[in-house]
Amino acid sequence: MSDLTLILLAAGSSSRFSQDVKKQWLRIGHQPLWQFVAQRLEKTNRFSQIIIVAAADEIEFMQQYASYEFIAGGSSRQESLRNALEHVSNSYVLVNDIARACISEDLLGRIIDAKDSADCIVPYLNVTDTIVYEKETIDREKVKKIQTPQLSKTAVLKAALETNQTYTDESSAIVAHGGTRKFVAGEDDAHKITYAEDLNKVPCLHTPSSDILSGNGFDVHAFDDKGEMWLGGVEIKSDFGFKAHSDGDVAIHALIDALLGAAGMGDIGMLFPDNNAQYKGADSKELLKRVVTKLHNFGFVIINADITIAAQTPRLADYKQPMRTTLAAILNIDPSRMNVKATTTERLGFIGRSEGVGVIANANLKYFNWKTIG
Ligand SMILES: Nc1ccn([C@@H]2O[C@H](COP(=O)(O)OP(=O)(O)OP(=O)(O)O)[C@@H](O)[C@H]2O)c(=O)n1
Ligand SMILES: C[C@](O)(CO)[C@H](O)COP(=O)(O)O
């Protein structure tokens, strides 16, 4: 049984990547990048424990993909690592940035083989360009570009990180704490995805699946006598409104469920619980915007959506077009891809008796094709 834990750091915010999608959610086939990297390393059978550090609000969705040990990250790489180290059960730990996706078995093997030769084993690359530090050209033979994965003695790394000082990698913390570091030759393919153009330098990644993911949503709200009604993101002239915890925009709620359904992200209640005071009277357009941002962060692109509003009253003919343009703008799609339909129920049922409104929605998503950037 191996005495080595793998920690994959995937709790970053991808700010320098400058895309709607977070880099850990880029799709390789159907797999998000974090899962692709985890599986690649898991297949080597070198680890008896695998921990993935992720943003706290992404863990629930990640658990739908794979059953690793997920730990909530912190506000910096170092804090994320510290959180994970609390859960390490082995005397050695290999830490890799999820952003270094193409780690070869050869590199991994050479790092692990050297595990008892120092407190931290570190892959590096030589520098071939001239290096100028401030005004001075320095000896490039003395410069190393440090990569991950880095293998450390768990106790040494934990002790080294009990500090307020920030280190950009494990080995710097360990050396500053009096520990030893051994360098092994790194690889160009272990290049870190930091900016979008880095995607051209990671050869092991293949294109996302071109599958279309379809979802549906359904919601009903009863009328009440509050004199304000919002439907499809548009204010409707009416003497009554909807009974609801939020503003009661039943059309947007059904649309949100269709989008979440297509993404496999559960339902609206999981994201915006109706017992949470934060959402009392909430503007559903704002909730929809948050869902769209989440979908984009998770690597989805909205293709189209279609809603059918079943209402005996109010009459909606004049509102369908404003709803279409309002919703399309929030979904960031062309209005031609956001269809809005309205129907009565021929006076049948609770809708026919004008007790409330029901809405069904459909939405289609695809994966963001990151091959088009970089
Ligand atoms: N609070 C943080 C910050 C970073 N990381 C991880 O540390 C690795 C290296 O960080 P970097 O490439 O800088 O990723 P981001 O922090 O996402 O990028 P940026 O700094 O551009 O926002 C990444 O795998 C990232 O997910 C982390 O787990 N927790
Ligand atoms: C750990 C690292 O990948 C080694 O090169 C690098 O320091 C991470 O830097 P980042 O700014 O947190 O991406």
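Residues numbered from 1 in each chain as written. Chains lettered and ligands numbered in written order. Predicted model: local features only at pLDDT ≥ 70, side-chain atom pairs only at ≥ 80, totals over all residues.

Draft legend 1. Here's a closer look at the domain arrangement of the protein. Looking at the protein, the domain boundaries give domain 1 (4–201) and domain 2 (213–372). Summarising the inter-unit geometry, the C-alpha centres of domain 1 and domain 2 are found 41 Å apart. Listed as interface residues are 10 residues of domain 1 and, on the opposing side, 9 residues of domain 2. Grouping the constituent residues of the side of domain 1 that touches domain 2 by class yields 6 nonpolar, 1 polar and 3 charged. (Domains from an automatic or database assignment. Contact = placed C-beta atoms within 7 Å. Nonpolar A, V, L, I, M, F, W, Y, C, P; charged D, E, K, R; others polar.)

Draft legend 2. Examining the pairing of strand E17 (residues 300–310) more closely. As paired strands, E17 and strand E19 (residues 356–367) are joined by 10 bridges and run antiparallel to one another. The partner of Val 301 across the bridge, within E19, is Lys 366. Bridge analysis of E17 against strand E18 (residues 338–343) gives 6 bridges, and the strand direction is parallel. Bridged to Thr 308 within E18 is Lys 341. As for the winding sense of the linkage, the β-α-β connection from E17 through helix H10 (residues 320–331) to E18 is right-handed. (Pairing = 2+ DSSP bridges. Helix = DSSP H or I, 4+ residues; strand = E, 2+ residues; numbered from the N terminus. Right-handed = clockwise from strand over helix to strand, strands pointing away.)

Draft legend 3. Highlighting helix H1 (residues 33–42). The element H1 is largely enclosed, with a buried count of 7 among its 10 residues. By the burial criterion, the buried members of H1 are Leu 33, Trp 34, Gln 35, Phe 36, Val 37, Ala 38 and Leu 41. Elements that come into contact with the buried residues of H1 comprise strand E1 (4–10), strand E2 (27–28), strand E3 (31–32) and strand E4 (49–54). (Buried ≥ 20, exposed ≤ 12 C-beta atoms within 10 Å, placed from the backbone.)

Draft legend 4. Summary view of the site of ligand 1. Around ligand 1, the structure places 22 residues, and the nearest of them are Ala 11, Gly 12, Ser 15, Arg 16 and Ser 80. Mapped by element, the contributors of at least two residues to the shell around ligand 1 are E1 and helix H3 (77–85). Looking at the shell around ligand 1 residue by residue, the classes come out as 7 nonpolar, 11 polar and 4 charged. (Near = placed C-beta within 6 Å.)

Draft legend 5. Local environment of the confidence of the model for the protein. The share of residues in the protein with pLDDT of 70 or more is 100%, and the mean pLDDT across the chain is 96. In the model output, the complex is listed with pTM 0.95 alongside ipTM 0.96. (pLDDT = per-residue confidence, 0-100.)

Draft legend 6. Expanded view of the environment of Pro 335. The topology assignment puts Pro 335 in the loop between H10 and E18. The spatial distance from the C-alpha of Pro 335 to the C-alpha of Met 323 is 9.7 Å, given a sequence separation of 12 residues. Dropping the residues within four chain positions of it, Pro 335 is found in contact with Arg 324, Thr 325 and Ala 328.

Draft legend 7. Spotlight on the sheet that holds E19. On the basis of which strands lie adjacent, the open sheet formed by 5 strands has the order E16-E13-E19-E17-E18 and mixed pairing. Edge positions in the open sheet fall to strand E16 (241–242) and E18, since each of these has one partner strand only. Sheet strands touched by helix H7 (residues 250–263): strand E13 (213–224), E16, E17 and E19. Its angle to E13, the strand with the most contacts, is close to 155°. (Axes fitted to C-alpha atoms, helices over the stretch in contact; angles between N-to-C directions.)

Draft legend 8. Expanded view of the site of ligand 2. The environment of ligand 2 is formed by Arg 77, Asp 97, Ile 146, Gln 147, Thr 148, Thr 168, Asp 169, Lys 192 and Thr 194. Taken together, the residues of the shell around ligand 2 break down into 1 nonpolar, 4 polar and 4 charged.

Draft legend 9. Broad picture of the UniProt feature "binding site: a divalent metal cation" (unreviewed entry) in the protein. The UniProt record annotates "binding site: a divalent metal cation" (unreviewed entry) at Asp 219, His 221 and His 253. A maximum C-alpha distance of 9.9 Å places the annotated residues, which cover 35 residues in sequence, within one compact spot. Note that Asp 219 resides in strand E13. Filtering out sequence-adjacent residues up to four positions away, Asp 219 remains in contact with Val 250, His 253, Ala 254, Asp 257 and Val 359. Relative to the helices and strands, His 221 resides in strand E13. Not counting residues up to four positions away in its chain, the partners in contact with His 221 are Phe 242, Lys 243, Ala 244, Gly 248, Val 250, Gly 356 and Val 357. (UniProt positions renumbered as here; feature names shortened; annotations may be inferred.)

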